[in-house]
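Overview (structure and organization)
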Amino acid sequence: MTGTPSHAIHAEDRSIGHFLYALMCAFPLFLLPVVLSLAINLNQKQFTAVSLMGRHLRWQRHSILGLLALCALGYWSNIGWLSLTFFALGVIWFSYRVFKGWLSLADGIEV
């Protein structure tokens, strides 16, 4: 008898996650791909919060909001070196989160 067993694990389609991470990697382009990624991310209602994709979508949202917060702090800072420090921290932190999240998604690991 051929067929799939009843206890087969349902595999999620992770292509949207890969697409969103790719958009996030293009953040040097005036943050437009990041904002587009956030808009698409917020419209993904079909994934539950405890699923692999649900956890990655939450990771992406937190990463984007953190980057935007650090960029806003850098923009509103009146001291030049402090402003550059906020921007540098934002870029380094965001890059780390994007690469860690994307590699984890490719390996099927939760972040």
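All of these numbers come straight from a predicted model, not from anything done at the bench.

Points about the overall build of the protein chain
In terms of helices and strands, the protein chain carries four helices and zero strands. Taken from the N to the C terminus, the helices and strands of the protein chain come in the order α-α-α-α. In terms of overall dimensions, the protein chain is more spread out than a globule: its C-alpha atoms have a radius of gyration of 17 Å, far above the 13 Å expected for 111 residues. Seen through its principal axes, the protein chain has C-alpha atoms that stretch 70 × 25 × 20 Å. The contacts in the protein chain between residues at least 6 apart in sequence include a share of 66% that link residues at least 24 apart. A distance of 10 Å separates the average location of the 7 positive side-chain charges in the protein chain from that of its 4 negative side-chain charges.

Considerations on the UniProt feature "transmembrane region" (unreviewed entry) in the protein chain
Under the local residue numbering, the UniProt record ascribes the feature "transmembrane region" (unreviewed entry) to residues 20-42 and 63-96. In this annotation, residues 20-42 is assigned 74% helix and 0% strand; the end-to-end C-alpha distance for the span is 11 Å. Split by type, residues 63-96 is 91% helix and 0% strand. Its first and last C-alpha atoms lie 10 Å apart.

Considerations on the packing of aromatic side chains
With the rule as written, the count across this model stands at three aromatic pairs. Summarising the aromatic geometry, the rings of Tyr-21 and Trp-102 are spaced 6.2 Å apart at their centres and angled 15° between planes, so their arrangement reads as stacked. Here Tyr-21, found in helix H1 (residues 15-25), pairs with Trp-102, found in helix H4 (residues 80-107); they are 81 residues apart in sequence, far enough to count as distant. Classification of Tyr-21 as buried rests on a relative accessible area of 0%. Note on Trp-102: relative accessible area 27%, which makes it partly exposed. Taken together, a centroid distance of 6.4 Å and an interplanar angle of 65° make the contact between Tyr-75 and Trp-76 edge-to-face.

Regarding the packing of H1 against helix H2 (residues 32-42)
Two elements in contact, H1 and H2, have axes separated by 8 Å at closest approach and are oriented at 155°. When the interaxial angle is binned, H1 and H2 end up roughly antiparallel. Between H1 and H2 lies a crossing whose hand is left-handed. Between H1 and H2, the residues in contact are Ile-16, Phe-19, Leu-20, Leu-23 and Met-24 and Pro-33, Val-34, Leu-36, Ser-37, Ile-40 and Asn-41, respectively. Residues belonging to the contact of H1 with H2 are distributed by class as follows: nine nonpolar, two polar and no charged.

Observations concerning a nonpolar patch on the surface
A contiguous nonpolar surface patch, about 540 Å² in accessible area, is contributed by Tyr-75, Trp-76, Leu-84 and Phe-87. Put simply, the parts of the chain that give the nonpolar patch at least two residues each are helix H3 (52-76) and H4. Along the chain, the position of Tyr-75 falls in helix H3. In this structure Tyr-75 comes out as exposed when scored by relative accessible area, which is 64%.

Conventions and cut-offs
- Residues numbered from 1 in each chain as written.
- Predicted model: local features only at pLDDT ≥ 70, side-chain atom pairs only at ≥ 80, totals over all residues.
- Heavy atoms only, no water.
- Helix = DSSP H or I, 4+ residues; strand = E, 2+ residues; numbered from the N terminus.
- Rg over C-alpha atoms; globule rule 2.2 N^0.38 Å.
- Contact = heavy atoms within 4.5 Å.
- Lys, Arg positive; Asp, Glu negative; His and termini not counted.
- Charge placed at Lys NZ, Arg CZ, Asp CG, Glu CD.
- UniProt positions renumbered as here; feature names shortened; annotations may be inferred.
- Phe/Tyr/Trp six-rings, centres within 6.5 Å; stacked < 30°, edge-to-face > 60°.
- Buried < 20%, exposed > 50% of the residue type's maximum accessible area, 1.4 Å probe, protein only.
- Axes fitted to C-alpha atoms, helices over the stretch in contact; angles between N-to-C directions.
- Parallel < 35°, antiparallel > 145°, perpendicular 65-115°, else oblique.
- Left-handed = near helix turned anticlockwise from the far one by under 90°.
- Nonpolar A, V, L, I, M, F, W, Y, C, P; charged D, E, K, R; others polar.
- Patch = residues over 30% accessible without salt bridge, like charges linked within 9 Å, V, L, I, M, F, W, Y side chains within 5 Å.
- Areas by Shrake-Rupley, 256 points an atom, 1.4 Å probe, with all protein chains shown as cover.
- Salt bridge = Lys/Arg side-chain N within 4 Å of Asp/Glu carboxyl O.

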